[in-house]
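Understanding the architecture of this molecule
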Amino acid sequence: MADVTVICGSASDGAVAEKVFETLKEHGVSYDYAVISAHRDPERLDEYVKASDARVFIAIAGLSAALPGVIASKTKRPVIGVPVSGTLMGLDALLSIVQMPKGVPVACVGVDNGVNAALLAVRILNAGRA
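Keep in mind the model is a prediction, meaning the values are calculated, not measured.

Let's shift gears to unusual backbone geometry. When glycine is set aside, most residues are seen to have a negative phi, and most peptide bonds are trans. Here Leu 63, not a glycine, exhibits a phi torsion of approximately 55°, which is positive. Along the polypeptide, Leu 63 turns up in the loop between β3 (56-62) and α3 (67-74). Positive phi values are uncommon outside glycine, yet Ala 65 reaches one of about 50°. Relative to the helices and strands, Ala 65 is located in the loop between β3 and α3. Assessed through its relative accessible area of 2%, Ala 65 is described here as buried.

A word on helix α1 (residues 14-26). Structural remark: α-helix, 3.6 residues per turn; residues separated by three or four positions point the same way. Taking 1.5 Å per residue, 13 residues should reach 18 Å; α1 reaches 18 Å between its end C-alpha atoms and fits that length. Of all the positions in α1, only Gly 14, Val 16, Ala 17, Val 20, Phe 21, Thr 23 and Leu 24 are classed as buried. For α1, the elements touching its buried residues are β1 (4-8), β2 (31-35), β3, β4 (79-84) and α5 (114-125).

Criteria and cut-off values
- Residues numbered from 1 in each chain as written.
- Predicted model: local features only at pLDDT ≥ 70, side-chain atom pairs only at ≥ 80, totals over all residues.
- Heavy atoms only, no water.
- Helix = DSSP H or I, 4+ residues; strand = E, 2+ residues; numbered from the N terminus.
- Buried < 20%, exposed > 50% of the residue type's maximum accessible area, 1.4 Å probe, protein only.
- Expected span 1.5 Å × (residues − 1).
- Contact = heavy atoms within 4.5 Å.

Given below as structure tokens:
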């Protein structure tokens, strides 16, 4: 069982994911990793989320950044979105992630800030502990 599931919308988001992995390893947190597009492979994403036993999801996506919201619509577990910089310096992804409709909560960290996503996941996992 992995504590955190990290999902990138594209393999090109790998540099941001590496920051997540490094930080989770530093804190002894186990994780799974997959590259699944919410747009190109929605059925696979649905199956992956349903099969995951992770306690927290980190979703890394750029451009329209639908991935975090789609994951949040499929689970009641916490979802942390990481917007990835692109043609609009990540503003498009940032706004997509923070503007979720009521009932679909997604936490959002700064553009390309995989470190903060991992640290937030660690805090969520440690919630209620001294």
